[in-house]
Amino acid sequence: MFALIMAASASLPINIFIGCYLLFALFWDSPEINLVHKALRSRAAFLIRIAGLTHSWNMYKGPFLTITRLETRVRYADNTIEVFAPPKRYEFRRYYFMIGVRTSVALYNRHLRWVQLRLRDDPRKIEEIQIVRQGWKAPVRRGGVRGRFEVAAQQQCREAVVALWTRT
Amino acid sequence: MIAHGDGLDQLLDLWNRLFHHPELPLGLAIFRILFGLLLSAESFGLIKRGHELFSNQALAPVEARLPLRFAPFDSQCNIFLLFRNTDAWIRVVFVVHTVSCALLTVGLFTRVAALLIFLNFASRSKQNWYVVQGGDNIAKLMTFLMIFSNAGGALSLDSFLGLRWVGGATGESSQWAQRLMQIQVSIVYLRTVMWKLKAREWIDGTAVFHAVYRNPHFRWRSLPGWMEWGPVIAGMTWGTMLIETAAGTLVWFRETRYVTILAGTIFHATLEVFLKLKFFQYLSFLCLLLFVPNDAWIGLWGGVKMFFLHFVH
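Here the residue numbers are simple positions, counted from 1 along each chain's written sequence. Lettering of chains starts at A and numbering of ligands starts at 1, both following the order in which they are written. Residue-level local features of this predicted model are given only where pLDDT is at least 70; pairs of side-chain atoms are given and counted only at 80 or more, and the full residue set underlies all totals for whole chains, interfaces and linings. Side-chain figures throughout are based on the complete set of non-hydrogen atoms in the structure, without hydrogens or water.

Peer 1: Requested: an account of the overall build of chain A, with residues and values cited.
Peer 2: Think of it this way: any DSSP run of H or I at least four residues long counts as a helix, any run of E at least two long counts as a strand, and we number them from the N terminus. A count of helical and extended segments in chain A gives 5 helices and 6 strands. Secondary structure of chain A in N-to-C order comes out as α-α-α-β-β-α-α-β-β-β-β. By definition in these notes, contact holds between two residues if any of their heavy atoms fall within 4.5 Å. Within chain A, counting contacts between residues at least 6 apart in sequence, those at least 24 apart form 61% of the total. Residue exposure ignores everything except the shown protein chains as possible cover, and the areas themselves are Shrake-Rupley values with a 1.4 Å probe. About 9500 Å² of surface is accessible on chain A, with carbon and sulfur atoms providing 59% of the total.

Here it is as structure tokens:
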């Protein structure tokens with residue numbers, strides 16, 4: 001017993017660190033509100049944020065029942081309208097999906113500036129840029145004799161212009 | 001009846017066996033090499049394009065991010081903000097990051113490299129939360145723990161050059177940091193299941209259909225017919241939670257470890273086919289390799305050697 005305590009105390013700082021990390025890993029992103037979670041969020045949050053250790057695993061919860069995304073439409077001087085697509089290489093980072101589910105006007109305006117910068121080398125004259133927020137809903141019905149999912153052929157899309165730039 | 005002293009003894013013994021049982025850092029070193037290679041591949045592209053994500057002309061710089069209450073990163077200190085996060089500075093940051101990843105792979109100044117990589121991932125989530133995905137979080141926590149580990153104690157230039165302070169102990173020693181990394185991986189899987197249990201679709205067995213059908217990458221293609229069949233979808237939905245639970249629990253036991261790793265690998269490969277999450281899937285697979293014990297790696301190496309010797313003769 002004594003030997004064990006001595007061995008444990010020899011690595012006491014490490015054991016304290018292990019204990020603290022376990023509490024952090026177990027309770028920082030706890031789906032249930034409990035005392036440890038509350039204490040961690042209120043007392044240690046400042047340190048954890050400064051250290052950049054904040055994280056969340058609730059993104060795996062899903063599934064999203066409505067697809068919300070942004071679409072950028074560019075109107076040129078000859079009245080052609082094109083949809084601006086973000087670089088393909090960032091598809092897995094879901095540029096348009098991640099900011100699409102937010103509702104911050106400042107963020108959409110910032111995104112508009114981002115698009116303008118991406119289009120600065122476009123030789124054509126741009127008249128208007130619209131950032132459109134789309135909400136796609138395809139009613140899904142489960143059931144039937146064979147338990148198949150039935151998806152409505154007509155998808156319902158609601159859209160609204162959330163940021164706009166026009167040449168004046 | 002167990003005396004109090006015995007109970008404490010057992011608890012301390014269990015703690016010591018779990019965290020301080022002397023082991024070689026071989027498994028951790030193999031993870032370090034593969035992890036470093038993956039991060040190097042990811043960071044290479046960011047040298048050229050990182051400014052599109054993190055500079056002052058990027059998608060969501062600080063002033064646009066602040067009004068959001070739920071973005072938990074209100075602290076602004078991060079390496080991108082140094083030198084006013086200009087495009088040129090972002091490029092420098094990612095060059096340093098790529099070099100750090102390469103150093104981690106070869107195991108030179110391992111702990112310093114891990115610290116620099118951690119700083120980069122921590123800064124990414126503060127600078128532009130909208131382009132951060134689950135894989136970034138895992139990489140961040142793994143590199144944080146690697147700073148304290150003996151990851152450079154084997155198969156590394158640190159061990160070759162005898163740089164113990166920056167590489168870690170080379171012989172048998174306490175691998176508590178690796179154990180914390182394993183626990184962290186388990187927690188990720190179990191947390192995921194706990195979050196899923198809060199959504200009705202995971203309980204009634206329809207979640208996978210929604211996830212696949214409504215996924216932005218898959219949405220416009222038609223699903224194969226069998227994926228519209230309720231029992232198949234229910235099996236996939238509950239199977240997902242079952243595999244995630246196993247990956248957080250059964251992977252700890254020798255008898256079920258390899259089956260769980262195999263199931264986890266198939267699971268992540270399937271997710272990659274349908275959801276295309278790339279970096280996250282590869283990283284999750286690598287994290288499962290943290291549970292492979294040293295004797296299995298040694299046995300595998302022996303088998304590979306035997307195979308080649310047989311082939312040569």
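Peer 1: I'd like to hear about the overall build of chain B, residue by residue, with values.
Peer 2: Looking only at helices and strands, chain B has 15 helices and 2 strands in total. Each of the three principal axes of chain B carries a C-alpha extent, and together these read 60 × 55 × 50 Å. When accessible area is computed with a 1.4 Å probe and restricted to protein chains, residues below 20% of their type maximum are described as buried, those above 50% as exposed, and intermediate ones as partly exposed. Counting only residues that meet the buried cut, chain B has 55% of its 313 residues in that class. Counted over contacts in chain B with a minimum sequence separation of 6, partners at least 24 positions apart contribute 77%.

Peer 1: A description of the pairing of strand E3 (residues 126–137) of chain A should follow, citing residues and the corresponding values.
Peer 2: Residue and element names in this part refer to chain A. Burial analysis of E3 places 10 of its 12 residues in the buried class, the great majority of the element. With 10 bridges joining them, strand E1 (residues 67–76) and E3 adopt antiparallel strand pairing. Paired with Tyr 76 across the bridge in E3 is Ile 126. For E3 and strand E6 (residues 156–166), the ladder comprises 10 bridges, and the chain directions are antiparallel. Looking across to E6, one finds that Lys 137 is bridged to Gln 156. Criterion used throughout: strands pair if DSSP finds at least two bridges between them.

Peer 1: Residues and numbers for the pattern of salt bridges, please.
Peer 2: In what follows, salt bridge is the name for a side-chain nitrogen of Lys or Arg lying within 4 Å of a carboxyl oxygen of Asp or Glu. Counted according to the given criterion, the structure contains 13 salt bridges over all chains. Linked by salt bridges that have partners in common, Glu 71, Arg 73 and Glu 159 of chain A make up one network.

Peer 1: Can you lay out the confidence of the model for chain B for me, pointing to particular residues and giving the numbers?
Peer 2: Residue and element names in this part refer to chain B. On a scale of 0 to 100, pLDDT captures the predictor's confidence in every residue. Per-residue confidence for chain B gives a mean pLDDT of 86, with 90% of residues at or over 70. Taken element by element, chain B is modelled with least confidence in helix H3 (residues 62–65), mean pLDDT 47, and with most confidence in helix H9 (residues 176–196), mean pLDDT 95. This stretch, residues 63–73, has a pLDDT under 50; its non-local contacts, to residues over four places away or in other chains, come to 24 contacts. Two numbers describe this predicted complex: its pTM, 0.87, and its ipTM, 0.89.

Peer 1: Can you explain the environment of Val 232 of chain B? Please cite residues and give values.
Peer 2: Residue and element names in this part refer to chain B. Among the secondary structure elements, Val 232 is positioned in helix H12 (residues 230–249). Owing to a relative accessible area of 23%, Val 232 belongs among the partly exposed residues under this scheme. Taking the C-alpha atoms as reference points, Val 232 and Thr 206, 26 residues apart in sequence, are found 9.7 Å from one another.

Peer 1: Give me the packing of helix H5 (residues 110–127) of chain B against helix H6 (residues 134–146) of chain B: which residues, what numbers.
Peer 2: Residue and element names in this part refer to chain B. Angles run from 0 to 180 degrees between N-to-C directions of axes, and those axes are lines fitted to C-alpha atoms, restricted for helices to the stretch in contact. Two numbers describe how H5 lies on H6: the axes approach to 8 Å, and their chain directions differ by 150°. Note that H5 runs across H6; the crossing there is left-handed. Where H5 approaches H6, its residues Arg 111, Ala 114, Ile 117, Phe 118, Phe 121, Ala 122, Arg 124 and Ser 125 are matched on the opposing element by Asp 136, Ala 139, Lys 140, Thr 143, Phe 144 and Met 146. Among the residues forming the contact of H5 with H6, the class breakdown is 8 nonpolar, 2 polar and 4 charged. Should the near helix be turned anticlockwise from the far one by less than a right angle, the crossing is left-handed, and should it be turned clockwise, the crossing is right-handed. For this scheme, ten residues count as nonpolar: Ala, Val, Leu, Ile, Met, Phe, Trp, Tyr, Cys and Pro. Four count as charged, namely Asp, Glu, Lys and Arg, and the remainder, Gly too, count as polar.

Peer 1: Give me the environment of Ala 51 of chain A: which residues, what numbers.
Peer 2: Relative to the elements of secondary structure, Ala 51 of chain A occurs in helix H3 (residues 35–51). With a relative accessible area of 30%, Ala 51 of chain A lands in the partly exposed category. Separated by 58 residues in the primary sequence, Ala 51 of chain A and Asn 109 of chain A place their C-alpha atoms 30 Å from one another. Sequence-distant contacts of Ala 51 of chain A, defined by excluding residues within four places in its chain, comprise Phe 118 and Ala 122 of chain B.

Peer 1: Got a sec to walk through the sheet that holds E3 of chain A? Specific residues and values, please.
Peer 2: Paired through backbone hydrogen bonds, the strands of a sheet run either parallel or antiparallel to each other. Residues and elements named next belong to chain A. Read across the open sheet, the 4 strands follow the order E2-E1-E3-E6; overall the sheet is antiparallel. What marks the edges here is a single partner per strand, and that holds for strand E2 (81–84) and E6. Sheet twist, expressed as the average angle between the axes of neighbouring strands with direction ignored, equals 30°. Sheet strands touched by helix H5 (residues 105–118): E1, E2, E3 and E6. Its angle to E3, the strand with the most contacts, is close to 130°.

Peer 1: Please give an account of H9 of chain B that cites residues and values.
Peer 2: Expected helix span is taken as 1.5 Å per residue step, with the number of steps being one fewer than the number of residues. Taking 1.5 Å of rise per residue, 21 residues should cover 30 Å, and H9 of chain B covers 30 Å from first to last C-alpha, within 8% of that figure. The buried fraction of H9 of chain B amounts to 19 of the 21 residues, a majority that puts the element mostly inside the structure.

Peer 1: Help me get a handle on the nonpolar core, residues and values and all.
Peer 2: By convention a nonpolar core is built from buried Ala, Val, Leu, Ile, Met, Phe, Trp, Tyr and Cys residues, the set being connected through side-chain atoms within 4.5 Å. With 76 residues, the main nonpolar core has Phe 31, Phe 35 and Met 142 of chain B as its most contacted residues. With residues near it in sequence (within four places) discarded, Phe 35 of chain B still touches Leu 104, Ala 139, Met 142, Thr 143, Met 146, Leu 283 and Leu 286 of chain B. One finds Phe 84, Val 115, Leu 119 and Ile 131 of chain A within the second-largest nonpolar core, a separate group that totals 13 residues.

Peer 1: Explain the environment of Leu 82 of chain B residue by residue, including any values.
Peer 2: With respect to the helices and strands, Leu 82 of chain B occurs in the loop between H3 and helix H4 (87–106). The spacing of Leu 82 of chain B and Arg 257 of chain B is 175 residues in sequence and 45 Å in space, taken between C-alpha atoms.

Peer 1: Describe the packing of helix H2 (residues 26–54) of chain B against H4 of chain B, naming the residues involved and giving the relevant values.
Peer 2: All names here are of chain B. In the contact formed by H2 and H4, the axes pass within 8 Å of each other and the chain directions differ by 175°. On the basis of their axis angle, the class for H2 and H4 is roughly antiparallel. Among the residues making up the contact of H2 with H4, the classes are represented as 15 nonpolar, 8 polar and 4 charged. For this classification, under 35 degrees means roughly parallel, over 145 means roughly antiparallel, 65 to 115 means roughly perpendicular, and everything else is oblique.

Peer 1: Account for a nonpolar patch on the surface, naming residues and giving values.
Peer 2: Residues and elements named next belong to chain B. Note on patches: the residues involved have over 30% relative accessible area and no salt bridge, like charges join within 9 Å, and the nonpolar side chains Val, Leu, Ile, Met, Phe, Trp and Tyr join within 5 Å. Together, Val 92, Val 96, Phe 109, Val 112, Leu 115, Leu 116 and Leu 119 make up an exposed nonpolar region whose accessible area comes to about 520 Å². Considering every element that reaches the nonpolar patch, the biggest residue donor is H5, with 4 residues. For Val 112, the position within the fold is in helix H5.

Peer 1: Any chance you could break down the packing of aromatic side chains for me, citing the residues and the numbers?
Peer 2: Residues and elements named next belong to chain B. Centres within 6.5 Å are what make two rings of Phe, Tyr or Trp a pair, Trp counting through its six-membered ring; a difference in plane orientation under 30 degrees is then read as stacked, over 60 as edge-to-face, and the rest as tilted. Taken as a whole and assessed by the stated rule, the structure comprises 17 aromatic pairs over all chains. Between the aromatic rings of Phe 54 and Phe 80, the centroid separation amounts to 4.9 Å while the plane-to-plane angle is 5°, which identifies the pairing as stacked. Of this pair, Phe 54 sits in helix H2 while Phe 80 sits in the loop between H3 and H4; the two residues are 26 residues apart in sequence, bridging distant segments of the chain. Both residues of the pair, Phe 54 and Phe 80, belong to the buried class. A centroid spacing of 5.7 Å and a plane angle of 35° characterise the contact between Phe 80 and Phe 94, whose relative ring orientation is tilted.

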